[in-house]
Amino acid sequence: MSVDKETVRRIARLARLKLEEERVEPMMEELNGILAWVEQLKEVDVEGVPPMTSVVEQRLKMRDDVVTETDHADALMINAPGGEDHFFVVPKVVE
Amino acid sequence: MSDLTEFTLAEARDAVATKKVSSKELTQGFVTAIEEARALNAFITETPEIALKMADASDARIAAGTARPLEGLPLGIKDLYCTKGVRTTAGSKILENYVPQYESTVSQNLWDNGAVMLGKLNLDEFAMGSSNETSAYGNCISPWRAKGSTTALVPGGSSGGSSAAVAARLCLGATATDTGGSIRTPAAVTGTTGIKPTYGRCSRWGIVAFASSLDQAGPIAKTVRDTAILLKAMASVDDKDSTSVNLPVPDYEAGIEGGVKGLRIGIPKEYRVEGTDPEIAAVWEKGAEWLKAQGAEIVEVSLPHTKYALPTYYIVAPAEASSNLARYDGVRFGHRAANPKDLIDLYERSRAEGFGAEVRRRILIGTYVLSAGYYDAYYLRAQKLRTLIKRDFEEAYKQCDMLLTPATPSPAFAIGEKIADPVTMYLYDVFTVTVNLAGLPALVVPAGLNTAGLPLGLQLIGKAFDEATLFRAGRALEIAADLKAKPQNWWRA
């Protein structure tokens, strides 16, 4: 399988990654290089093989359903670009 | 000893504990060495004030008789570990101004053991790379040079700052992380020792995530003993990482001199990969002879799905990376594009401006293999391959206790040599990625020098949570190799 320019534009949009029009074709070639190389996995018979869901076999841990975190609002805002008080700020989304 | 930076971690520990040297003197020695080694670009952020303050506190503890296992020992921290109040970049422009308000569990464990922080070490951007050439903060340069050459070589990656700093004696040891070989490749090409522990041995909490089912923390240090000491301090079960495992952490150091008598060492025939440097193939054979001479039994084993490990990895790792890196949106932390025209534009430009070429490529590959209509063909198939790869190891371990393999297909290459073609760079991890896919522990130890005088490493792959036996066998290789060569101080300003 290989990707065309339209697919590259679509996945860049899905990934929320701005791709300038002149970068679409080189990116398509890079991705196709990688996809052609992973194509060899097709030669393996995986019929009836369960997909790996956990590297190390262990039961998913459970904990008591209680609040353990205290209020970190000030600390959380320190790295927010354009944050105000305890609010993350984004461009207007509702007209 | 005239130059305190020549100490191994174990030697420094003993010297500090017996008050032959203060932590302050030791730390000052490293602070100076780091200042003089800026040509290597091993550190992204140096923290000398923090280091000296921690050293003073350690000296006070030693005086009071309340010293802890790593009291007063200066270490470097890969800049992928969040450090409270100290900028953490992950080698990316997108985190250029990010100052974590919390400490990663592994680094906290080290401070709780008394260690001293010298600074944050260079790495490939988001740990995506094998040569430290994708860092937004510039290439890290290996302290090693080929005989008679001044060509700048790579220190391996992604933990290139960690390996370069240890090899150049800029710290006693360093933290690193390994998703597809990022501890072992740098260790192998710089003549240092590094272990990727079993998945779940160390907490991943507070380490910037790349591919969560593959990422694991571990140390790089000068010797097998030092590596064992550091892993003991780093490992713990952690409520904040549900994949960390609740198993006691053994005293690895106590067992390292146990020898290899009676151990069965497997040689996987599929690791005789075409294109492997003949000098590496030779050191691999020599390694097997060394272990045999010390009483181990050498058996040939088969890992039939080895050749599929790399392509499997390059589906699984980008898929997980594309979801993990979705959090960088220019809103809550990290780079934010100026004057966005709407919310989508804010997301798209913040990410495009903040991420480098390799990271963008992997996000797009990951997004593609997870997208509707392609998930089964790529991601699901890769996860099935992963099961087969893990089964290979389970079969092999019916015949042996561990495996001996090369660590890299060639010694360190020149900066710029492989970066142009992604797949060529990916192939450099051919001996290391299988271990991450199967979640197993693997130790890399220096085993010799090639004719150009560059270090060559060997890899020991163990059973899950059997790091103790790996350290024993690694120590046996270290004794046999008896390597004394160190890179010369050409970088000293």
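For the structure itself, look to the data block above.
Note that the structure is predicted; figures quoted are calculated from it, not measured.

Thresholds, definitions, all that
- Residues numbered from 1 in each chain as written.
- Chains lettered and ligands numbered in written order.
- Predicted model: local features only at pLDDT ≥ 70, side-chain atom pairs only at ≥ 80, totals over all residues.
- Heavy atoms only, no water.
- Helix = DSSP H or I, 4+ residues; strand = E, 2+ residues; numbered from the N terminus.
- Rg over C-alpha atoms; globule rule 2.2 N^0.38 Å.
- Buried < 20%, exposed > 50% of the residue type's maximum accessible area, 1.4 Å probe, protein only.
- Contact = heavy atoms within 4.5 Å.
- Areas by Shrake-Rupley, 256 points an atom, 1.4 Å probe, with all protein chains shown as cover.
- Lys, Arg positive; Asp, Glu negative; His and termini not counted.
- Charge placed at Lys NZ, Arg CZ, Asp CG, Glu CD.
- Axes fitted to C-alpha atoms, helices over the stretch in contact; angles between N-to-C directions.
- Parallel < 35°, antiparallel > 145°, perpendicular 65-115°, else oblique.
- Nonpolar A, V, L, I, M, F, W, Y, C, P; charged D, E, K, R; others polar.
- Pairing = 2+ DSSP bridges.
- Right-handed = clockwise from strand over helix to strand, strands pointing away.
- Expected span 1.5 Å × (residues − 1).
- Arc of directions from axis to C-beta.
- Buried area = accessible area lost by both parts, 1.4 Å probe.
- Salt bridge = Lys/Arg side-chain N within 4 Å of Asp/Glu carboxyl O.
- Patch = residues over 30% accessible without salt bridge, like charges linked within 9 Å, V, L, I, M, F, W, Y side chains within 5 Å.

**Focus: the overall build of chain B**
Part 1: Counting secondary structure elements, chain B contains 15 helices and eleven strands.
Part 2: Relative to its length of 493 residues, chain B is compact, with a C-alpha radius of gyration of 21 Å against a globular reference of 23 Å.
Part 3: For chain B, with 493 residues in total, the buried portion stands at 66%.
Part 4: The long-range fraction of contacts in chain B, counting pairs at least 24 apart against all pairs at least 6 apart in sequence, stands at 77%.
Part 5: Put simply, chain B shows about 16,000 Å² of open surface, and 51% of that area lies on carbon and sulfur atoms.
Part 6: The distance from the centre of the 53 positive side-chain charges to the centre of the 55 negative ones in chain B is 2 Å.

**Some details on the packing of helix H1 (residues 5-14) of chain A against helix H11 (residues 357-370) of chain B**
Part 1: In contact at an axis separation of 9 Å, H1(A) and H11(B) are set at 100° when each is read in the N-to-C sense. As judged from the angle between their axes, H1(A) and H11(B) are roughly perpendicular. Of the residues in H11(B), those in contact with Thr7(A), Ile11(A), Ala12(A) and Leu14(A) of H1(A) are Leu364(B), Thr367(B) and Tyr368(B).
Part 2: In terms of residue class, the contact of H1(A) with H11(B) is built from five nonpolar, two polar and no charged.

**Section: the pairing of strand E3 (residues 116-121) of chain B**
Residues and elements named next belong to chain B.
Part 1: Counting buried positions over the six residues of E3 gives six, a clear majority of the element.
Part 2: Inspection of the sheet shows strand E1 (residues 43-46) paired to E3 by three bridges, in the antiparallel sense. Bridging from a neighbouring strand, Glu46 pairs with Gly119 of E3.
Part 3: Alignment of strand E2 (residues 74-78) against E3, held across five bridges, turns out to be parallel. Across the sheet, the residue bridging to Pro74 is Val116, located in E3.
Part 4: For the crossover that starts at E2, traverses helix H4 (residues 105-112) and ends in the parallel E3, the hand is right-handed.

**Some remarks on helix H3 (residues 48-64) of chain B**
Residue and element names in this part refer to chain B.
Part 1: Over its 17 residues, H3 extends 24 Å from the first C-alpha to the last, a length consistent with the 24 Å expected when each residue adds 1.5 Å.
Part 2: Every buried residue of H3 is accounted for by Ala51, Leu52, Ala55, Ser58, Asp59 and Ile62. Mapping the buried residues of H3 onto a view down its axis gives an arc of 115°, with all of them on the same face. Structural note: H3 exposes Glu49, Lys53 and Ala64 on the side pointing more than 90 degrees away from its buried face.
Part 3: Tucked into the core, H3 has its buried residues touching helix H1 (9-17), helix H2 (23-36) and E3.

**Considering the interface of chain A and chain B**
Part 1: Each side of the interface is counted separately: chain A has 49 residues, and chain B has 69 residues.
Part 2: Across the chain A/chain B interface, buried area totals approximately 5,300 Å², and carbon plus sulfur atoms make up 70% of it.
Part 3: Linking chain A with chain B are three salt bridges.
Part 4: Between Arg361(B) and Glu30(A) there is a salt bridge, with the nearest N and O atoms lying 2.8 Å from each other.
Part 5: Those elements that place two or more of their residues in the side of chain A that touches chain B are H1, helix H2 (21-38) and helix H3 (73-77) of chain A.
Part 6: Element by element, the count of residues in the side of chain A that touches chain B is highest for H2(A), at eight residues.
Part 7: When grouped by side-chain class, the residues that make up the side of chain A that touches chain B number 32 nonpolar, six polar and eleven charged.

**A few points about H2(B)**
All names here are of chain B.
Part 1: Between its terminal C-alpha atoms H2 stretches 20 Å, which fits the 20 Å expected from 14 residues at 1.5 Å a residue.
Part 2: Looking only at H2, the buried set comprises Ser23, Leu26, Thr27, Phe30, Val31, Ala33 and Ile34. The buried residues of H2 occupy an angular sector of 165° when the element is viewed end-on, so they sit on one face.
Part 3: Tucked into the core, H2 has its buried residues touching H1, E1, H3, E2 and E3.

**Here's the deal with the pattern of salt bridges**
Residue and element names in this part refer to chain B.
Part 1: Evaluation of the coordinates by the stated rule reveals 33 salt bridges over all chains.
Part 2: Here Asp178 and Arg184 are joined by a salt bridge, their closest N and O atoms 2.8 Å apart. Comparing Asp178 with Arg184 shows no difference in burial state: the two are buried.
Part 3: Through salt bridges that share partners, Arg13, Asp14, Arg225, Glu253, Glu257, Arg475 and Glu478 make up one connected network.

**Some remarks on a nonpolar patch on the surface**
All names here are of chain A.
Part 1: A contiguous nonpolar patch, built from Val90, Val93 and Val94 and spanning about 260 Å² of accessible area, is present on the exposed surface.
Part 2: Among the structural elements, Val94 can be located in the segment after H3.
Part 3: Relative accessible area serves as the criterion here: at 60%, Val94 is assigned to the exposed category.

**Describing the pairing of strand E8 (residues 297-301) of chain B**
For a regular strand, the rule is simple: side chains alternate between the two faces of the sheet.
All names here are of chain B.
Part 1: Both strand E7 (residues 264-268) and E8 contribute to a ladder of five bridges, which runs parallel. Its bridge partner being in E8, Arg264 is matched across the sheet by Glu297.
Part 2: Handedness of the β-α-β unit built from E7, helix H8 (residues 278-293) and E8 comes out right-handed.

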